[in-house]
Amino acid sequence: MASTDFTPPHVYEQPAPSFDIYANDTPAYVVDVALLRQNMEKLARVQSESGARVLLALKGFSMFSVFPIMREYLSGCCASGLNEALLAQEFGKEVHVYAPAFKEAEMREIIPISHHLSFNSLAQFRKFKPMLDAAKAAGHAPSPGIRVNPEHSEVEVSLYDPCSPGCRLGIRSDLLDGEDLTGIEGLHFHALCEQDSDVLERTVAAVEQRFPRLLEQVKWVNMGGGHHITRKDYDVERLIRVLRTFREKWGKEVYIEPGEAAGLNTGYLIAEVQDIIVAPIPTAILDISATAHMPDTLEMPYRPHIFGAGLPGEHPFEYKMGGMSCLAGDVLSGFSFPEPLRIGQRLVFADMAHYTMVKTTTFNGVPHPDIAIYDPATQEYRVVRRFGYSDFRNKLS
């Protein structure tokens, strides 16, 4: 059962839906394009004033139906393997790719469509260097880089910590001592998770301390993701200063790749109460599932925000939220309401765009929510994807 004592403060910044939550089918993820544009404008400002390039991390937000909006502001996408690279190509701008390891068949498809290609080890780089050299001789090859481990960790949840002890992601500085780094053109690091620019500043200092030789050599530096740029209390001025100072000091092209910040506080998950189980604490059975539709609530874990609901004791009527799957722990706790819930009532979960649609499953055959777009300017609610039996069946054999 998800913890009741932690709700990310930023979710309270999201305004309530400006559309009629009873006018359309549930369950549904709905992205408000006006809120999305607000995020894009902030990311574009960072890009303009710092000189760094901002990429969309598809691992966090891959809603390609809004690519036409996002490509107005961002420089491209970063991908975590072949499938995301193919989707990044549809974005129509730069394609940057990193994965813990690549297969040769994947590499044959990735090389022609990517601009930067980061490797997780020198062994992987050396394995594919002949393919890169051949592609370069033929007229196009991505610029090769390696991912390093800054060995600087400020992420509290180990599941999301790229610099936890023994982490497989990135090369430690001691493993580069005495190695031939010829051909490496980029340095990639990723060490943040939902953090402010002060953490980036300290991480950059760690990278400068541990990898000066590599920094001198490379043409570009990718500072990864985890930057909570679009949160209201995020220190954007510091971020711009850190990025600009680094660019001027080292003379390198700099990239950041926020995914969560792109979709932060732009999406809603609309659910409907199907039943109410009487227990010491009543449980509302919803037509969604925490494990299938918002797994981070159980993995982190955290208590999502429901519009109109409060913490236990804040309102007189307390409930747990139960999912549609058979998983006993498919339950979220810690919600109170001013009035008793009723069957057929709609509930709205906040901040359900990033790390939701990209992580959903069809476990138990639980119906997948619609994916919809709402445009306040035109008051148009449009379902861009509806899922059915074939989507469930085609993941099986």
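Cut-off values and rules
- Residues numbered from 1 in each chain as written.
- Predicted model: local features only at pLDDT ≥ 70, side-chain atom pairs only at ≥ 80, totals over all residues.
- Heavy atoms only, no water.
- Helix = DSSP H or I, 4+ residues; strand = E, 2+ residues; numbered from the N terminus.
- Polar contact = N/O pair within 3.5 Å; in protein donor to acceptor, adjacent residues only side chain to side chain.
- Contact = heavy atoms within 4.5 Å.
- Axes fitted to C-alpha atoms, helices over the stretch in contact; angles between N-to-C directions.
- Parallel < 35°, antiparallel > 145°, perpendicular 65-115°, else oblique.
- Left-handed = near helix turned anticlockwise from the far one by under 90°.
- Nonpolar A, V, L, I, M, F, W, Y, C, P; charged D, E, K, R; others polar.
- Salt bridge = Lys/Arg side-chain N within 4 Å of Asp/Glu carboxyl O.
- Buried < 20%, exposed > 50% of the residue type's maximum accessible area, 1.4 Å probe, protein only.
- Expected span 1.5 Å × (residues − 1).
- Arc of directions from axis to C-beta.
- Disulfide = S-S within 2.5 Å.

A. Structural view of the side chain of His-96. Here His-96 lies in strand β4 (residues 94-98). Side chain to side chain, His-96 and His-116 meet in a polar contact 3.2 Å long. Discounting residues that sit within four places of it in the chain, His-96 has contacts with Leu-55, Cys-77, Cys-78, Ala-79, His-116, Asn-222 and Tyr-255.

B. Region of interest: the packing of helix α4 (residues 104-113) against helix α5 (residues 122-138). Their axes nearest at 11 Å, the elements α4 and α5 cross at an angle of 30 degrees. Considered as vectors, α4 and α5 are oriented roughly parallel to each other. As for the relative orientation of α4 and α5, their crossing is right-handed in sense. Counted together, Glu-104, Met-107, Arg-108 and Ile-111 of α4 and Lys-127, Phe-128, Met-131, Leu-132 and Ala-135 of α5 form the full contact between these two elements. Among the residues forming the contact of α4 with α5, the class breakdown is six nonpolar, no polar and three charged.

C. Looking closely at the pattern of salt bridges. Within this structure, the stated rule accounts for 23 salt bridges. Measuring nitrogen to oxygen at the nearest pair gives 2.7 Å for the salt bridge that ties Arg-385 to Asp-391. What makes Asp-391 partly exposed here is its relative accessible area of 22%.

D. Examining unusual backbone geometry more closely. Backbone torsion omega between Thr-26 and Pro-27 reads -5 degrees, so that peptide bond is classified as cis. As for its position among the elements, Pro-27 is in the segment before β1 (28-32). Residue Pro-301 follows Met-300 across a cis peptide bond; omega there is -15 degrees. Along the chain, the position of Pro-301 falls in the loop between α11 (296-299) and β12 (317-322). The backbone of Asn-265 shows a phi angle near 60 degrees, a positive value even though the residue is not glycine.

E. Broad picture of the packing of helix α6 (residues 197-210) against helix α8 (residues 236-250). Viewed as axis vectors pointing N to C, α6 and α8 meet at an angle of 20 degrees, and their least axial separation amounts to 8 Å. One way to sum up the angle between α6 and α8 is to call them roughly parallel. For the pair α6 and α8, the crossing hand works out as left-handed. Packed against α6, whose contacting residues are Ser-197, Asp-198, Leu-200, Glu-201, Val-204 and Glu-208, the element α8 presents Arg-238, Leu-239, Val-242, Leu-243, Phe-246, Lys-249 and Trp-250 at the interface. Residues belonging to the contact of α6 with α8 are distributed by class as follows: seven nonpolar, one polar and five charged.

F. Geometry of the environment of Gly-308. With respect to the element layout, Gly-308 can be found in the loop between α11 and β12. Assessed through its relative accessible area of 52%, Gly-308 is described here as exposed. Spatially, the C-alpha atom of Gly-308 lies 30 Å from that of Pro-258, the residues being 50 residues apart in sequence. Excluding residues that lie within four positions of it along the chain, Gly-308 makes contacts with His-315, Ser-336, Phe-337 and Pro-338.

G. Spatial organisation of α8. An ideal rise of 1.5 Å per residue puts 21 Å on 15 residues; α8 measures up with 21 Å between its terminal C-alpha atoms. Within α8, the full set of buried residues consists of Val-236, Leu-239, Ile-240, Val-242, Leu-243, Phe-246 and Trp-250. Seen end-on, α8 carries its buried residues on one side only, within an arc spanning 165 degrees. Exposed side chains of α8 directed beyond 90 degrees from the buried face belong to Glu-248 and Lys-249.

H. Up close: the state of the cysteines. In total, this model carries zero disulfides according to the counting rule given. Cys-193 forms no disulfide, and the closest cysteine sulfur to it belongs to Cys-163, at a distance of 12 Å.

I. Seen up close, the side chain of Asp-296. By the secondary structure assignment, Asp-296 is in helix α11. On the basis of relative accessible area, Asp-296 is assigned to the buried category, the value being 12%. Once you skip the residues sitting within four places of it in the chain, Asp-296 turns out to touch Tyr-160, Pro-301, Tyr-302, Tyr-355 and Lys-359.

Remember that the coordinates give geometry; whether it matters functionally is a separate question.
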